[in-house]
Amino acid sequence: ISSPPVPLASSIVEDCRKQRAGLVPPDRQSPMAAYMWWFGKAYPSRADRQRYLQSLIEKKPITDANLRLAHLLLGGKFANLVVTTNFDDFISKALTLFGETHTVCDHPHTVLRVNPERDDLQVVHVHGSYWFYDCCNLDSEVKARASKTPDQPFAMGDFLDRLLLNRSPLVVGYSGWEGDVFMSALERRLRRELEINLYWFCYQAANIDALPLFLKNHSDVRFVIPDESPKTLEVSSTGARESLLAMRITPE
């Protein structure tokens, strides 16, 4: 929901490829693995990666999608908590533009301050934000954000486990990279049934193909797509065919 003006991960990969022309990546990389590998090669230090992200995000205009999301949050009917893997602060800026006070968390050390039971609006950046060098981009950083350590017994994954225990997210603008802290927590939660269906909004019907089987095979997951395909989709994955329930939406 922040593109444009912030480039997607695929565009960042292409930019990093140009900077490190001649490097040969490992075979059969997933999109997430390719992003991490090329980003680490082009920008080997945390400070380098933070400055690069800052150059992509800082002073860029708030996108229409973030403004609309903020407007939905102001109504108080859908949610009061945004969990994002994005590094940008567009949703926070949009809420501020509308005059709405809110709490922002971008590190496990402060996530205990987030209380979903409160009525005020809260934003959680599970991988950090572009403001600080400890935002998570590489494989080791993403895994560390999801793990527990002696000095950090309550990890971001613990927060998401607690959050998803009796809530079903509305997922918007997210490609669902397997292995990150959100998808790991969601996979754990989907090992049992949901009280309320999970709704996953896709930019186009073809995006469902790339999602993991634990999502596509779960009876309580619904995919919402633009009005471009039939209601029942046949999606191929690892040689199997699954019948998925997808709802169509027609833009106003």
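Observations concerning unusual backbone geometry
Cis geometry marks the peptide bond from Ser 3 to Pro 4; its omega dihedral reads -25°. By the element assignment, Pro 4 lies in the segment before helix 1 (9–19). Despite not being glycine, Arg 28 has its phi angle at roughly 55°, a positive value. Within the element layout of this structure, Arg 28 appears in the loop between helix 1 and helix 2 (31–42). For Arg 28, a relative accessible area of 86% gives the class exposed. Of note in the backbone geometry, Lys 59 takes a positive phi value of approximately 70° without being a glycine. Residue placement: Lys 59 occurs in the loop between helix 3 (46–57) and helix 4 (64–75).

Details of the side chain of Asp 106
Residue position: Asp 106 is located in the loop between strand 2 (102–105) and strand 3 (121–125). Judged by relative accessible area, which is 17%, Asp 106 ranks as buried. One polar contact links Asp 106 to Ser 129, side chain to side chain, over a distance of 2.9 Å.

Quick notes on the environment of Asp 220
Mapped onto the fold, Asp 220 is located in the loop between helix 9 (213–216) and strand 6 (221–226). For Asp 220, a relative accessible area of 13% puts it in the buried group. Separated by 25 residues in sequence, Asp 220 and Glu 195 place their C-alpha atoms 8.4 Å apart. Beyond its immediate chain neighbours, meaning those up to four positions away, Asp 220 contacts Glu 193, Leu 194, Asn 197 and Leu 198. From its side chain, Asp 220 meets the backbone nitrogen of Leu 194 in a polar contact 2.8 Å long.

Some words on the confidence of the model for the protein chain
A low pLDDT means the predicted coordinates there should not be read in detail. Of the residues in the protein chain, 85% reach a pLDDT of 70 or more, and the chain-wide mean stands at 84. Predicted confidence in the protein chain is weakest over strand 7 (residues 232–237), with a mean pLDDT of 47, and strongest over helix 5 (residues 90–97), with 96. Contacts of residues 232–243 to residues separated by more than four positions or lying in other chains number 27 contacts, the stretch itself having pLDDT below 50.

Details of the pairing of strand 5 (residues 198–201)
In regular strands, side chains alternate between the two faces of the sheet. Only one face of strand 5 is covered, namely the face carrying Leu 198 and Trp 200; the face carrying Tyr 199 and Phe 201 is uncovered. By the bridge criterion, three bridges tie strand 4 (residues 170–172) to strand 5 in an arrangement that is parallel. Across the sheet, Val 172 pairs through a bridge with Phe 201, a residue of strand 5. After leaving strand 4, the chain enters helix 8 (residues 181–189) and then returns to the sheet as strand 5, a path that is right-handed. The pairing of strand 5 with strand 6 spans four bridges and is classified as parallel.

So, the sheet that holds strand 3
Pairing is parallel in the open sheet, where three strands are placed in the order 1-3-2. Edge positions in the sheet fall to strand 1 (81–84) and strand 2, since each of these pairs with one other strand and no more. Pairwise comparison of adjacent strand axes, ignoring direction, gives a mean angle of 10° for this sheet. Note that strand 1 and strand 3 share four bridges and pair parallel. Residue Val 83 lies in a different strand from strand 3, and its bridge partner there is Val 124.

Focus: the nonpolar core
Core analysis: the largest hydrophobic core is formed by 31 residues, its most contacted members being Phe 159, Leu 186, Trp 200 and Leu 215. Those elements that place two or more of their residues in this core are helix 7 (156–164), helix 8, strand 5, helix 9 and strand 6. One finds Val 6, Tyr 35, Trp 38 and Leu 56 within the second-largest nonpolar core, a separate group that totals 22 residues.

Focus on helix 2
Helix length check: helix 2, at twelve residues, gives a terminal C-alpha distance of 16 Å against a target of 16 Å (1.5 Å per residue), a fit within 8%. Every buried residue of helix 2 is listed here: Met 32, Ala 34, Tyr 35, Met 36, Trp 38, Phe 39, Gly 40 and Ala 42.

Topic: the side chain of Gln 50
Along the chain, Gln 50 falls in helix 3. Apart from the residues within four sequence positions on either side, Gln 50 is in contact with Tyr 130, Trp 131, Phe 132 and Tyr 133.

Here's the deal with the packing of helix 7 against helix 8
In the contact formed by helix 7 and helix 8, the axes pass within 9 Å of each other and the chain directions differ by 40°. In this view, helix 7 runs oblique relative to helix 8, as classed from their interaxial angle. Handedness of the helix 7/helix 8 crossing: right-handed. Across the interface between the two elements, Met 156, Gly 157, Leu 160, Asp 161 and Leu 164 of helix 7 pack against Val 181, Phe 182, Ala 185, Leu 186, Arg 188 and Arg 189 of helix 8. In the contact of helix 7 with helix 8, the residues fall into seven nonpolar, one polar and three charged.

Conventions adopted
- Residues numbered from 1 in each chain as written.
- Predicted model: local features only at pLDDT ≥ 70, side-chain atom pairs only at ≥ 80, totals over all residues.
- Heavy atoms only, no water.
- Helix = DSSP H or I, 4+ residues; strand = E, 2+ residues; numbered from the N terminus.
- Buried < 20%, exposed > 50% of the residue type's maximum accessible area, 1.4 Å probe, protein only.
- Polar contact = N/O pair within 3.5 Å; in protein donor to acceptor, adjacent residues only side chain to side chain.
- Contact = heavy atoms within 4.5 Å.
- pLDDT = per-residue confidence, 0-100.
- Pairing = 2+ DSSP bridges.
- Right-handed = clockwise from strand over helix to strand, strands pointing away.
- Axes fitted to C-alpha atoms, helices over the stretch in contact; angles between N-to-C directions.
- Core = buried A, V, L, I, M, F, W, Y, C linked by side-chain atoms within 4.5 Å.
- Expected span 1.5 Å × (residues − 1).
- Parallel < 35°, antiparallel > 145°, perpendicular 65-115°, else oblique.
- Left-handed = near helix turned anticlockwise from the far one by under 90°.
- Nonpolar A, V, L, I, M, F, W, Y, C, P; charged D, E, K, R; others polar.

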